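# Reading the structure
Chain by chain, the residues run as shown.
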Amino acid sequence: MSRNAPAVLVLADGSTFRGFSIGAEGQTVGEVVFNTAMTGYQEILSDPSYAGQIVTLTYPHIGNVGANREDLESRGLFAAGLVIRDLPLAASNWRKEEDLPAYLERHKIVAIAGIDTRRLTRILRSKGAQNGVIQAGTIDEKVALAAAKAAPSMAGLDLAKVVSCTKGYDWNGSLWALGTGYKPSAEVKFHVVAYDYGVKHNILRNLAERGCKVTVLPAQATAKDALALKPDGVFLSNGPGDPEPCDYAIKAIREVVDSGTPVFGICLGHQLLGLASGAKTMKMKFGHHGANHPVQDLDSMRVHITSQNHGFAVDESTLPKNVRATHKSLFDGSLQGIERTDQPAFSFQGHPEASPGPHEMAYLFDKFVALMEKSKVKSK
Ligand SMILES: NC(=O)CC[C@H](N)C(=O)O
């Protein structure tokens, strides 16, 4: 498609934004959310948790560094669409392989630039996340509005099993470093089974960096499948959609936790651990999507700046007696972390793996390793 073809974003409430296309031609439908991270558009686009969502980036200049093969967080791009204010004329970076529009087109992502993302963000913030449609190339705003109105709500959608791997595999490779790129996995000390509900690769790299051999299993693997591998710990990944309909995962997690195996969950994995422990989850108004969210660790009372991407949350008022709150968002007071008091299981709502974002929560990976160490010693 010719660059600068017309494009439109229409929200279900009728709000219409006219701009130009910077990606594939066609129409895309999704829940429109905004992300305030100033860097990391490639990691965001390739985070499977964004399946079914059109992402608006509030930082105004997107595309400055182009795209490369290294900054992928999964096997491809998962966001349903991209909305930005301004695409710089030139992209430049020593790792750049192509520019953002070519990258979006190749991955068939419909994307719009040149709209007032501040107006859009204010609508999403005051009314809440809502469905929307981007059309690029051929425009029919009436059709776009009808499609936005007809799109299903994110509440009630099980997308984890849709994006998950279909076959288990062994993960290889640890964190990226300047000069070396991705390092090989560290010497193996633990075996972790990771449930893939839409896992981000930097989580697996963080585990490998700490001496974990990681076996990734599909979302619908049973507890028996996981425990048959005799893991030192089980990891529950991030992922898209509503956690509540994922009954297969909730059942498996309950059984894994009851076995006494150390468990660590991130984002969707955190919400699923909450549900498996008897708590309830709820849909938030516009969620948390960004890389600068203050979260307080309720044990140390320290405040950490964190990476976030979620539209659902565990409802703190529903926590049963054997679950305690460990972290809290200082933006809205919502629950950010939990820990079981009767089993070695804990979880975090934000993203300790960053990618993009600050690394201040990486201590949670160390906590998981310490739990595995302790339970290894106990079972000897
Ligand atoms: N990043 C995630 O794992 C997101 C979890 C869930 N889909 C939510 O929106 O809350």
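All residue numbers refer to position in the chain's written sequence, counted from 1. The model is predicted, so local features are restricted to residues of pLDDT at least 70 and side-chain atom pairs to those at 80 or more, both for listing and for counting; the totals for chains, interfaces and linings are taken over all residues.

## Looking at the site of the ligand
Put simply, the rule reads: Only the C-beta atom matters for nearness: placed from the backbone, it must lie within 6 Å of the molecule or strand for the residue to count as near. For helices the rule is a DSSP run of H or I covering at least 4 residues; for strands it is a run of E covering at least 2, with both sets numbered from the N terminus onward. Ten residue types, Ala, Val, Leu, Ile, Met, Phe, Trp, Tyr, Cys and Pro, are classed as nonpolar, four, Asp, Glu, Lys and Arg, as charged, and the remainder, Gly among them, as polar.
Ser49, Asn238, Gly239, Pro240, Gly241, Cys267, Leu268, Asn309, His310, Gly311 and Phe312 make up every residue found near the ligand. Per element, the largest residue contribution to the shell around the ligand is four residues, and it comes from strand S16 (residues 303-314). Across the shell around the ligand, the residue classes break down as four nonpolar, seven polar and no charged.

## Thoughts on helix H3 (residues 117-127)
Just so we agree on the cut-off: Exposure is read from a count of other C-beta atoms within 10 Å of each residue's own; the residue is exposed at 12 or fewer, buried at 20 or more and partly exposed in between. C-beta atoms are placed from the backbone. Along the arc lie the directions from the helix axis toward the C-beta atoms. Note that contacts rest on C-beta atoms placed from the backbone: two residues are in contact if these are within 7 Å.
Every buried residue of H3 is accounted for by Thr117, Leu120, Thr121 and Leu124. Projected onto a plane normal to the axis of H3, the buried residues spread over an arc of 95° and lie on a single side. The exposed set on the far side of H3, more than 90 degrees from its buried face, consists of Arg118, Arg119, Arg122 and Ser126. On its buried face, H3 sits against strand S2 (16-21), strand S3 (26-35), strand S4 (53-57), strand S5 (81-83) and strand S15 (281-297). Residue Gly128 follows H3 closely and has a positive phi angle near 100°.

## Thoughts on the domain arrangement of the protein chain
Put simply, the test is: Throughout the structure description, domain borders are defined by an automatic or database domain assignment.
When the domains of the protein chain are assigned, the result is domain 1 (6-150) and domain 2 (160-379). Taken over C-alpha atoms, the centre of domain 1 sits 27 Å from the centre of domain 2. Every contact between the two is made by 23 residues of domain 1 and, on the other side, 26 residues of domain 2. Those elements that place two or more of their residues in the side of domain 1 that touches domain 2 are S3, helix H1 (41-45) and H3. The element contributing the most residues to the side of domain 1 that touches domain 2 is S3, with three residues. Tallied by class, residues from the side of domain 1 that touches domain 2 come to ten nonpolar, eight polar and five charged.

## Things to note about the UniProt feature "binding site: L-glutamine" (unreviewed entry) in the protein chain
So the rule is basically this: UniProt positions are given in the numbering used here, feature names are shortened, and annotations may be inferred rather than shown by experiment.
The sites that carry the UniProt feature "binding site: L-glutamine" (unreviewed entry) are, in the present numbering, Ser49, Gly239, Gly241, Leu268, Gln271, Asn309, Gly311 and Phe312. Judged by maximum C-alpha separation, these annotated positions cover 264 residues in sequence but sit close together in space, the widest gap being only 13.1 Å. Structurally, Leu268 is set in helix H9 (residues 268-276). The class for Leu268 is buried, based on 33 C-beta atoms found within 10 Å. Along the chain, Phe312 falls in strand S16. The residues contacting Phe312, other than those within four sequence positions of it, are Asp242, Pro243, Gln271, Thr281, Met282, Lys283 and Met284.

## A word on the pairing of strand S7 (residues 130-136)
Definition in use: Note: two strands are recorded as paired if DSSP finds a minimum of 2 bridges between them.
Most of S7 sits out of view: seven of its seven residues are buried. Side chains of S7 alternate between two faces, with Gln130, Gly132, Ile134 and Ala136 and Asn131, Val133 and Gln135 buried alike. As paired strands, strand S1 (residues 6-11) and S7 are joined by five bridges and run antiparallel to one another. Residue pairing in the sheet places Leu11 in a bridge with Gly132 of S7. In terms of strand pairing, S3 meets S7 through seven bridges, oriented antiparallel. Each residue of the ladder has a partner; that of Gly26, found in S7, is Ala136.

## What about the sheet that holds S3?
Rule in force here: For every element, the axis is a line fit to its C-alpha atoms; helices are fit only across the contacting stretch, and the angle between N-to-C directions ranges from 0 to 180 degrees.
Ordered in space as S1-S2-S6-S5-S4-S3-S7, the seven strands form a closed barrel in which the pairing is mixed. The mean inter-strand angle of the sheet, taken between neighbouring strand axes irrespective of direction, is 35°. Bridge count for S1 against S2 is five bridges, and the pairing is antiparallel. For Val10, the partnering residue across the bridge sits in S2 and is Thr16. Here H3 sits on the sheet in contact with S1, S2, S3, S4, S5 and S7, set at roughly 70° to S3.

## Regarding helix H10 (residues 363-379)
Note: α-helices contain 3.6 residues per turn, so residues at a spacing of three or four share the same orientation. For the record, the criterion: By this rule, a helix spans an expected 1.5 Å times one less than how many residues it contains.
Its 17 residues give H10 an end-to-end C-alpha distance of 24 Å, which sits within 8% of 24 Å, the value for a rise of 1.5 Å per residue. Among all positions of H10, only Leu364, Phe365, Phe368, Val369 and Met372 are buried. Around the axis of H10, the buried residues are gathered within 150° of arc, so they sit on the same side. Turned more than 90 degrees from where H10 packs its buried face, Asp366, Lys374, Val377 and Lys378 sit exposed. Turning to H10, the residues buried within the fold contact strand S11 (190-196), helix H6 (201-209), strand S13 (233-236), strand S14 (263-266) and strand S19 (345-348).

## Thoughts on the nonpolar core
To keep things clear, this is the line we draw: Nonpolar cores are built from buried Ala, Val, Leu, Ile, Met, Phe, Trp, Tyr and Cys residues. These are joined into a set through C-beta atoms within 7 Å.
The biggest cluster of nonpolar side chains holds 104 residues, and the ones touching the most others in it are Ala79, Ile112 and Ala194. Counting the residues that make up this core, at least three belong to each of domain 1 (6-150) and domain 2 (160-379). Apart from the residues lying within four places of it in its own chain, the contact partners of Ala194 are Val199, Leu204, Val214, Val216, Leu217, Phe235 and Ser237.

## As for the sheet that holds strand S17 (residues 323-329)
One open sheet holds the ten strands; their spatial order is S8-S12-S11-S13-S14-S19-S18-S17-S15-S16, and the pairing between them is mixed. In this open sheet, the two edge strands, each paired with only one partner strand, are strand S8 (169-170) and S16. Judged from the three bridges that link them, S15 and S17 form a sheet pairing that is antiparallel. Among the inter-strand pairings, Asp297 is bridged to a residue of S17, identified as His327. H10 rests against S11, S13, S14 and S19 of the sheet, and its axis sits at about 150° to S13.

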